Amino acid sequence: MAESHGAENNAAEVTLKRPRMQGAFQQEERETLKKYKKMEDRVRKILTTSCEKITHLFFMKDMPGHLAYLRERITTLNSKLAFDPIRVGLFGSSGAGKSTLLNAILHERFFLPVSGTRACTSCQVQISTCRSKEYKANIFLLSNEEWMDEVRSLVTLLEMEREDGERDSDVQHAVKVLQAVYGEGAENRNYEDLMKAKPAITIPSSRVITLTTTEAEALSHKLDPYIRNQEGSEGIKVENPSDEEANTAPCNEQMRLWPLIKYVQVTLPASDFVPEGVIFVDIPGMGDSNKKRDEMWKESILECTSIWVVADVERVFGASTHENMLKEAITACMIGKCSDITFVVTKMDKINVDEYLRNHPSAPKDLTTRDAILETKRDLKTRKTRAIRDRMQRRLPSDTEVLQKSDLVFTVSAKEYWNPTVLMEEDTEISRLRDQIRKLYLNMKRNQLQENMQEILVIFSLVDVYHAVQLSPGPTAQQDGLNTFVSTKIQELKRIAQSIFDLMDLPLIKGVKSAKSSYKRKIEKIFAMGEKSRGFHRTLKAVCRRNGVYVSRVFHRVDINNCLAEPIYTEIDIMFANIFRKQTLTRTSLQAAINEFSTEVKGRFTTFAKDTDMNESKLKFLLQETNVIMRALEREILLKKKTIYESLVLSIQSTLTPYYKEADKISGKDTYKHMKSVLTESIELEVRQAMFEKAKEEMMSQFQDLTEQMTTKLSKDFLGMLSVIFSQCDTPVSTLPGTL
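Residues numbered from 1 in each chain as written. Predicted model: local features only at pLDDT ≥ 70, side-chain atom pairs only at ≥ 80, totals over all residues. Heavy atoms only, no water.

- For the protein, an unreviewed UniProt entry supplies the name Dynamin N-terminal domain-containing protein and the organism Anser brachyrhynchus.

So, in structure tokens, the structure goes:
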């Protein structure tokens, strides 16, 4: 929307000055980080010193159990001392302005390719800062096996195109991919010929390309040909090239590598705007037609600490793509590492004051452009926040951390950030997004440091125990009593956990009933796309080849398995989230049962120590190590939670896979009709043969597996801990460090 209102207003607005930029952290935050850094350095030094003093004991021929326990604890802690990074995923459709936004956050104006007319970033890009003085990019390519699978899919798509003579975006993409790698005419060759052919470009055997520079602009220039969307650039043949054109050949070759790029990792020198330990992940669209990149797309979302759903201001309402992205982000909060969701509306500078006045007749006629933008920002935030909260509350407990956020929606303008003509710097909200990153970073840093310090203290207590053990070994009768108590409590926790998991049964039954009553409509909705476009049969073929899931440039993400499972997920999501909730706990929360178990066990240890005059170092070790064991259990539950949740859709996919393969083999006349018939009839058959009930039982089986996994781990860890406390130590005290 072009600006056209009041030259006198614009002239006045241009004089607005931007306040002085602040660094990545404010003074108070920098002081806090200094304290964290000193603590972190001390932790590392203490652990290193401890290892040096006792390493020789780890090579004993017949290592006693208590020393093996100590070795395992130190080895585990050593591998954990590196702090987990914060991953901020920028999740948006093509052209939403993710790269432009990221450039502004990093304060690197043209670092990632930007364009006002089309999508620029063609692959996933991960960006972080480090202490190096260099700018570096590692470009990872598809493996040979992954590329062979891609070529096979593309050739099959083109073979179908030759049969019906129709071309759509998917076919055009396939042609461009093969031409980019194998040259002109590659689209007319079969799979075997292409596998024997020498690529028209140089593909490094390492499948990694590394670029290093000392200046941001230089790396940006080198990186641009690899990550910029090149679909309209390849395949251009220059007859009798001039010297100047010949010199551009290496660049042209780089521009033709795009089909092979899996993802890109970029590291920048330490920044005044973004702290080290934050990784930004530019996640393109709703997946990828390439199988491996699509798998990475799903994995990346679940690994993100924070997800930003990015949308152009002109497409912020009514676009199904944003709703689907928000749905994926909410799922990541349920089963992944995500604890924060932010909706970012970009390109607020597009707001036109004349258009605003037409839509708001009661607004003052002398309204300035800045005021029109600010009013639009307020309205957008109110409306979008309400809509997002409503979506979240359907699937997440009301006290979930992300639902407590005061700012769910940010409205930004990167253009005004760089060239302020209308808005002040704070109006662009770039600095507010940086503030959010800082808060996430400081919270995670503090939590991880506290956890590492607690585990270091356990090692101190463990060494003290070895001193105490030699002086006052404990009687085995007392050990048997504690073993029995802990084992009994573990079995109680198992029964409680099972009763909590059984609460999923009723929602699953309702979900199965809903799925059985709606599956025909859902499948027909997918097939309806084929009635409107004759080219859909090629997409359906690709869907079958990928066992029910494919990302098309024409029809977007087509996922038959998830479509069929969706009614079940709708019924179970709230109960599932309640079971695994971390905030206000209820009797239906697994964490509440775990906390109660931990409290009772530690209470028993304390009482036992008092009754038996147990050495203080032993009790301290028991209490500290119990906390470590319970945190490790929580991490395992987090990983298993994803497996449990996805078991529904994977079970349906497994059931339908033979039929997908059957449909994939269909060719010739009326391909689409026959494929549709096979899939429709087979789905109806499997529904009658309890496909949804089997998916339900698979999920309940996964819950049972978690129960057994918890029981096994707790038994092993607690009994191992108690055996250390009551062990007969033959190792001379002098060989173990005293005060570390």
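1. Topic: the packing of helix α12 (residues 320-335) against helix α21 (residues 560-579)
To characterise two packed helices, one gives the angle between the axes of the helices and the distance between these axes.
Part 1 of the argument: Relative to each other, α12 and α21 sit at 50 degrees, their axes nearing to 13 Å. As far as their axial angle goes, α21 and α12 are oblique. For the element pair α12 and α21, the recorded crossing hand is left-handed. Taking contact as the criterion, the partners of Lys327, Met334 and Ile335 in α12 are, on α21, Asn562, Glu566, Asp573 and Phe576.
Part 2 of the argument: In the contact of α12 with α21, the residues fall into 3 nonpolar, 1 polar and 3 charged. (Axes fitted to C-alpha atoms, helices over the stretch in contact; angles between N-to-C directions. Helix = DSSP H or I, 4+ residues; strand = E, 2+ residues; numbered from the N terminus. Parallel < 35°, antiparallel > 145°, perpendicular 65-115°, else oblique. Left-handed = near helix turned anticlockwise from the far one by under 90°. Contact = heavy atoms within 4.5 Å. Nonpolar A, V, L, I, M, F, W, Y, C, P; charged D, E, K, R; others polar.)

2. Some details on the sheet that holds strand β4 (residues 208-213)
Part 1 of the argument: Spatially, the 9 strands line up as an open sheet ordered β4-β3-β5-β2-β6-β1-β7-β8-β9, and their pairing is mixed. Edge strands, defined here as strands with exactly one partner in the open sheet, are β4 and β9 (409-411). Strand-to-strand, the axes of this sheet are offset by a mean angle of 20 degrees, without reference to chain direction.
Part 2 of the argument: Two strands pair when backbone bridges link them, and strand β2 (residues 124-130) and strand β5 (residues 261-269) are joined in this way by 7 bridges, in the parallel orientation. Residue Ile127 lies in a different strand from β5, and its bridge partner there is Val266. (Pairing = 2+ DSSP bridges.)

3. Focus on the environment of Arg434
Part 1 of the argument: On the secondary structure map, Arg434 appears in helix α17 (residues 430-471).
Part 2 of the argument: Residue class for Arg434 comes out buried when judged on its relative accessible area of 7%.
Part 3 of the argument: Spatially, the C-alpha atoms of Arg434 and Val274 are 7.2 Å apart, while their sequence positions differ by 160 residues. (Buried < 20%, exposed > 50% of the residue type's maximum accessible area, 1.4 Å probe, protein only.)

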